[in-house]
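Each chain, written out:
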Amino acid sequence: MDSPKKPQDIKVAVDAVIFGYFDKKDLQILLIKRNIEPFKGVWALPGGLVLDDENLDDAVKRELQEEAGIKPDFLEQLYTFGNIGRDPRNRVVTVAYLGLVNPSYHELLAYSDADEAQWFGINNLPNLAFDHQSIIDIALKRLRSKICYQPIGFNLLNEEFPFSDLENLYKTIIGKEIDRRNFRKKIMSYGLLNETDNIKKVGSGRPGRLFTFNQKKYRELEEKGFYFEIN
């Protein structure tokens, strides 16, 4: 006879890897400082347990609002993490999300079980609670892959931006230099940008036109599918 099975005692959580971008800086990650055990006083991804009467998407949006005071411009499920022992309290399976925000439009406000909410450069992260470093590593891989077939990086820019901002953003995300002339030629060939009459001086160079993102063209390309190789 089969031995009787033990009832499940597994909790479900959500965690969010939220990327942000400040002009001419590294890609940023939103972290909160925990004010409860375990890992009290340690930086972590915003997140928490899903309520019994709550959908996953609603749970992650609630946690982001409670712990950091933000509503991401872009949010999608990333991966499920369920290794035994990832939470010292009990068995917890977490559904991780990847999100993008423009920090200029979001004022961080920490409450609930977070003491602080703060942006950290992707190359200057503190020691993190739980397995959150592994979650961030996978999210960064997804982001670098995703920008080759879906120009989601526009979610990180201002409504109007110089082309150099877009170029620097992509360079920051992939973590290496890019061929500037080839990058501009490819981006413009897709019709994803609308040139405005507004001009801005960037650095010591000549003043340049500002651009906006063509949402209609983006939706068309998203439906058809395209591949944007960055080199």
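Residues numbered from 1 in each chain as written. Predicted model: local features only at pLDDT ≥ 70, side-chain atom pairs only at ≥ 80, totals over all residues. Heavy atoms only, no water.

**Examining the overall build of the protein chain**
Here is the rule we go by: The helix and strand labels rest on DSSP assignments: H or I over at least four residues marks a helix, E over at least two residues marks a strand, and numbering proceeds from the N terminus. Buried residues are those whose accessible area, probed at 1.4 Å on protein chains only, stays under 20% of the maximum for their type, while exposed residues exceed 50% and partly exposed ones sit between those limits. Note on definitions: a residue-residue contact is assigned when non-hydrogen atoms from the two residues lie within 4.5 Å. We score Asp and Glu as negative and Lys and Arg as positive, and we do not count His or the chain ends. Charge positions come from single atoms, namely NZ of Lys, CZ of Arg, CG of Asp or CD of Glu.
Summing up its helical and strand segments, the protein chain has five helices and ten strands in all. Seen along its three principal axes, the alpha-carbon backbone of the protein chain occupies a region of about 75 × 40 × 30 Å. Counting the 231 residues in the protein chain, one finds 46% classified as buried. Across the protein chain, the fraction of contacts at a sequence separation of at least 24, relative to all contacts at a separation of at least 6, is 69%. Taken together, the 33 basic and 35 acidic charged side chains of the protein chain have centroids lying 7 Å from each other.

**Considerations on the sheet that holds strand 8 (residues 161-162)**
In sheet architecture, strand pairing relies on hydrogen bonds along the backbone and comes in two forms, parallel and antiparallel. Convention followed: Pairing between two strands is assigned when DSSP locates at least 2 bridges connecting them.
The three strands lie next to each other as 8-10-9, forming an open sheet whose pairing is antiparallel. Of all the strands in the sheet, the pair left with one neighbour each is strand 8 and strand 9 (193-200). As defined by bridge partners, strand 9 adjoins strand 10 (residues 208-213) across five bridges and the pair is classed as antiparallel. Each bridged residue has a counterpart across the sheet, and for lysine 200 the counterpart in strand 10 is glycine 208.

**Here's the deal with the nonpolar core**
The following threshold applies: As used here, the term nonpolar core means buried Ala, Val, Leu, Ile, Met, Phe, Trp, Tyr and Cys residues forming a set that is joined through side-chain atoms within 4.5 Å. A domain assignment, automatic or from a database, supplies the domain bounds used here.
In terms of nonpolar packing, the biggest core is built from 46 residues, with Phe19, Leu143 and Leu166 touching the most fellow members. With six residues, the top contributor of residues to this core is helix 3 (residues 163-174). The two domains that each donate at least three residues to this core are domain 1 (11-148) and domain 2 (154-224). Counting residues in each nonpolar core, the second largest holds 17 residues, with Ala59, Val95, Tyr97 and Trp119 among its members.

**A word on the domain arrangement of the protein chain**
Test applied: Each of two parts loses accessible area, computed with a 1.4 Å probe, when they are put together; buried area is these two losses added. A pairing counts as a salt bridge when a side-chain nitrogen of Lys or Arg comes within 4 Å of a carboxyl oxygen of Asp or Glu. Here a polar contact is taken to be a pair of N or O atoms separated by no more than 3.5 Å, where protein atoms must pair a possible hydrogen donor with a possible acceptor and residues adjacent in sequence count only if both atoms sit in side chains.
Under the domain assignment, the protein chain is made up of domain 1 (11-148) and domain 2 (154-224). If you average the C-alpha positions of domain 1 and of domain 2, the two centres end up 27 Å apart. The partner domain 2 presents 15 residues to the 19 residues of domain 1 that form the contact. Summing both sides of the interface, domain 1 and domain 2 together bury roughly 1400 Å²; the carbon and sulfur share of this comes to 57%. The tally of links from domain 1 across to domain 2 stands at zero salt bridges. Remark: the boundary between domain 1 and domain 2 carries six residue pairs in polar contact (both at pLDDT 80 or more). Elements supplying a minimum of two residues to the side of domain 1 that touches domain 2: strand 1 (11-21), strand 6 (92-101) and helix 2 (132-146).

**Quick look at the pairing of strand 1**
Taken across its eleven residues, strand 1 has nine buried, putting it largely inside the fold. Both strand 1 and strand 6 contribute to a ladder of ten bridges, which runs parallel. Note on strand 6: the bridge partner recorded for isoleucine 18 is glycine 99. Strand direction decides the pairing type here: strand 1 and strand 4 (residues 47-49), joined by three bridges, are antiparallel. By the bridge assignment, alanine 13 is partnered in strand 4 with leucine 49. Inspection of the sheet shows strand 1 paired to strand 2 (residues 27-34) by three bridges, in the antiparallel sense. The partner of tyrosine 21 across the bridge, within strand 2, is leucine 27.

**Some details on the side chain of asparagine 214**
The topology assignment puts asparagine 214 in the loop between strand 10 and helix 5 (215-224). The exposure class assigned to asparagine 214 is buried, which follows from its relative accessible area of 17%. One polar contact links asparagine 214 to asparagine 194, side chain to side chain, over a distance of 3.3 Å. Within polar-contact distance, the side chain of asparagine 214 engages the backbone nitrogen of lysine 216 at 3.2 Å. Setting aside residues no more than four positions away along its own chain, asparagine 214 makes contact with Gly191, Leu192, Leu193 and Asn194.

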